[in-house]
Amino acid sequence: GGVRCERASQIVMNQIGDKVKGVFQLKGGIEKYMMDFPDGGFWAGKNKVFDKREACGVEDPNGTGGVVKKKKKGKSDGEVLGKCCVCSAAWERYIGKKKCYACGVPVLMCDKCLSLKPDKGD
(Lines give C-alpha, C1' and ligand atoms only; values in the text may rest on other atoms or scores of the structure.)
Protein backbone atom coordinates (compact mmCIF):
# COMPACT_ATOMS: atom_id res chain seq x y z
CA GLY A 1 0.00 0.00 0.00
CA GLY A 2 0.98 3.61 -0.25
CA VAL A 3 2.25 5.99 -2.90
CA ARG A 4 5.73 4.47 -3.13
CA CYS A 5 4.34 0.96 -3.57
CA GLU A 6 1.98 2.13 -6.28
CA ARG A 7 4.81 3.85 -8.17
CA ALA A 8 7.32 1.04 -7.65
CA SER A 9 4.97 -1.68 -8.85
CA GLN A 10 4.18 0.30 -12.01
CA ILE A 11 7.88 0.88 -12.72
CA VAL A 12 8.63 -2.83 -12.28
CA MET A 13 5.73 -3.83 -14.52
CA ASN A 14 6.60 -1.27 -17.23
CA GLN A 15 10.36 -1.86 -17.27
CA ILE A 16 10.79 -5.57 -16.55
CA GLY A 17 7.25 -6.93 -16.31
CA ASP A 18 7.81 -9.46 -19.09
CA LYS A 19 10.83 -10.90 -17.23
CA VAL A 20 9.33 -10.98 -13.72
CA LYS A 21 6.21 -12.82 -12.70
CA GLY A 22 4.33 -12.28 -9.49
CA VAL A 23 4.40 -8.50 -8.99
CA PHE A 24 1.24 -7.77 -7.06
CA GLN A 25 -0.26 -4.98 -5.01
CA LEU A 26 -1.62 -6.17 -1.69
CA LYS A 27 -5.13 -5.18 -0.66
CA GLY A 28 -4.66 -3.48 2.70
CA GLY A 29 -0.90 -3.13 2.15
CA ILE A 30 2.14 -4.71 3.78
CA GLU A 31 0.96 -3.97 7.31
CA LYS A 32 -2.22 -5.99 6.82
CA TYR A 33 -0.24 -8.77 5.15
CA MET A 34 2.03 -9.00 8.21
CA MET A 35 -1.05 -9.18 10.46
CA ASP A 36 -2.52 -11.96 8.31
CA PHE A 37 0.81 -13.85 8.23
CA PRO A 38 2.47 -13.47 11.67
CA ASP A 39 5.44 -15.56 10.51
CA GLY A 40 6.04 -13.03 7.71
CA GLY A 41 4.84 -15.15 4.82
CA PHE A 42 6.92 -14.07 1.82
CA TRP A 43 7.77 -10.68 3.36
CA ALA A 44 11.40 -9.90 4.30
CA GLY A 45 12.69 -6.75 5.97
CA LYS A 46 10.91 -3.70 7.35
CA ASN A 47 7.96 -1.68 6.13
CA LYS A 48 8.61 2.09 6.29
CA VAL A 49 5.68 3.87 7.93
CA PHE A 50 5.15 7.59 8.31
CA ASP A 51 4.50 7.85 12.04
CA LYS A 52 6.49 7.44 15.27
CA ARG A 53 6.81 3.66 14.68
CA GLU A 54 9.22 4.49 11.84
CA ALA A 55 9.45 0.97 10.38
CA CYS A 56 7.65 -2.27 11.24
CA GLY A 57 8.67 -5.84 10.72
CA VAL A 58 7.46 -9.28 11.68
CA GLU A 59 9.77 -9.27 14.72
CA ASP A 60 8.76 -5.77 15.81
CA PRO A 61 5.15 -4.95 14.86
CA ASN A 62 5.24 -1.88 17.15
CA GLY A 63 8.06 -0.41 15.11
CA THR A 64 11.69 0.52 15.53
CA GLY A 65 11.10 4.22 16.21
CA GLY A 66 12.58 6.01 19.17
CA VAL A 67 16.08 6.22 20.57
CA VAL A 68 18.80 4.26 18.78
CA LYS A 69 19.96 1.61 21.23
CA LYS A 70 23.08 -0.52 21.17
CA LYS A 71 22.36 -4.16 20.40
CA LYS A 72 22.83 -6.64 23.20
CA LYS A 73 25.34 -9.37 22.47
CA GLY A 74 23.71 -12.41 20.97
CA LYS A 75 20.34 -10.68 20.50
CA SER A 76 19.07 -10.32 16.96
CA ASP A 77 15.97 -8.62 15.57
CA GLY A 78 16.23 -10.60 12.35
CA GLU A 79 18.23 -10.02 9.21
CA VAL A 80 19.05 -6.39 8.40
CA LEU A 81 18.54 -5.88 4.67
CA GLY A 82 19.59 -2.23 4.39
CA LYS A 83 23.01 -0.59 4.63
CA CYS A 84 24.44 2.80 5.53
CA CYS A 85 24.95 5.01 2.46
CA VAL A 86 28.34 6.17 3.81
CA CYS A 87 30.11 3.13 5.34
CA SER A 88 27.90 0.27 4.03
CA ALA A 89 27.36 -1.14 7.55
CA ALA A 90 24.13 -3.10 8.03
CA TRP A 91 21.49 -0.47 8.92
CA GLU A 92 17.75 -0.05 8.43
CA ARG A 93 16.62 3.08 10.23
CA TYR A 94 15.84 6.40 8.60
CA ILE A 95 17.12 8.85 11.19
CA GLY A 96 18.49 12.37 10.94
CA LYS A 97 16.30 13.25 7.96
CA LYS A 98 19.15 12.64 5.49
CA LYS A 99 18.23 12.71 1.81
CA CYS A 100 19.95 11.98 -1.48
CA TYR A 101 21.43 15.15 -2.98
CA ALA A 102 20.36 14.16 -6.49
CA CYS A 103 16.74 13.06 -6.03
CA GLY A 104 15.71 13.96 -2.47
CA VAL A 105 14.77 10.40 -1.47
CA PRO A 106 15.52 9.59 2.20
CA VAL A 107 18.73 7.58 2.64
CA LEU A 108 19.90 5.18 5.32
CA MET A 109 22.77 6.56 7.42
CA CYS A 110 23.96 4.75 10.53
CA ASP A 111 24.24 6.55 13.86
CA LYS A 112 28.06 6.44 13.72
CA CYS A 113 28.25 8.15 10.30
CA LEU A 114 25.45 10.53 11.26
CA SER A 115 27.53 11.71 14.23
CA LEU A 116 30.50 12.36 11.87
CA LYS A 117 28.28 14.71 9.80
CA PRO A 118 29.70 13.56 6.42
CA ASP A 119 27.43 15.96 4.53
CA LYS A 120 28.88 19.03 6.26
CA GLY A 121 31.97 20.65 4.74
CA ASP A 122 35.15 21.04 6.81
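Residues numbered from 1 in each chain as written. Predicted model: local features only at pLDDT ≥ 70, side-chain atom pairs only at ≥ 80, totals over all residues. Heavy atoms only, no water.

## What to know about the overall build of the protein
Move 1: A tally of regular secondary structure across the protein gives three helices and two strands.
Move 2: When the helices and strands of the protein are read in sequence order from the N terminus, they spell out α-α-β-β-α.
Move 3: In the protein, 24% of the contacts between residues at least 6 apart in sequence involve partners at least 24 apart.
Move 4: Accessible area of the protein: about 9,600 Å², with a carbon and sulfur share of 57%. (Helix = DSSP H or I, 4+ residues; strand = E, 2+ residues; numbered from the N terminus. Contact = heavy atoms within 4.5 Å. Areas by Shrake-Rupley, 256 points an atom, 1.4 Å probe, with all protein chains shown as cover.)

## Topic: helix H2 (residues 29-36)
Count 3.6 residues to each turn of an α-helix, and residues three or four apart come out pointing the same way.
Move 1: When we look at burial in H2, the residues that qualify are Gly 29, Ile 30, Tyr 33 and Met 34.
Move 2: Residues of H2 that are buried in the fold lie against strand S1 (47-48) and strand S2 (55-56). (Buried < 20%, exposed > 50% of the residue type's maximum accessible area, 1.4 Å probe, protein only.)

## Some points on the pattern of salt bridges
Move 1: By the definition in use, this model includes six salt bridges.
Move 2: In this structure, Lys 32 engages Asp 36 in a salt bridge whose closest nitrogen and oxygen atoms are separated by 2.8 Å. Pair noted here: Lys 32 and Asp 36 are both in helix H2, with a separation of four residues, about one helical turn.
Move 3: We classify Asp 36 as partly exposed; its relative accessible area is 46%. (Salt bridge = Lys/Arg side-chain N within 4 Å of Asp/Glu carboxyl O.)

## Topic: the environment of Met 34
Move 1: Within the fold, Met 34 resides in helix H2.
Move 2: Residue classification places Met 34 among the buried positions, given a relative accessible area of 11%.
Move 3: Discounting chain neighbours no more than four positions away, the residues touching Met 34 are Trp 43, Asn 47, Cys 56, Gly 57 and Val 58.

## Digging into unusual backbone geometry
Move 1: A positive phi is found at Glu 54, a non-glycine position, where the angle reads about 75 degrees.
Move 2: By the secondary structure assignment, Glu 54 is in the loop between S1 and S2.
Move 3: Judged by its relative accessible area of 12%, Glu 54 is buried.
Move 4: Backbone geometry at Ser 88 places phi at a positive 70 degrees, although glycine is not the residue there.
Move 5: Relative to the elements of secondary structure, Ser 88 occurs in the loop between S2 and helix H3 (111-116).

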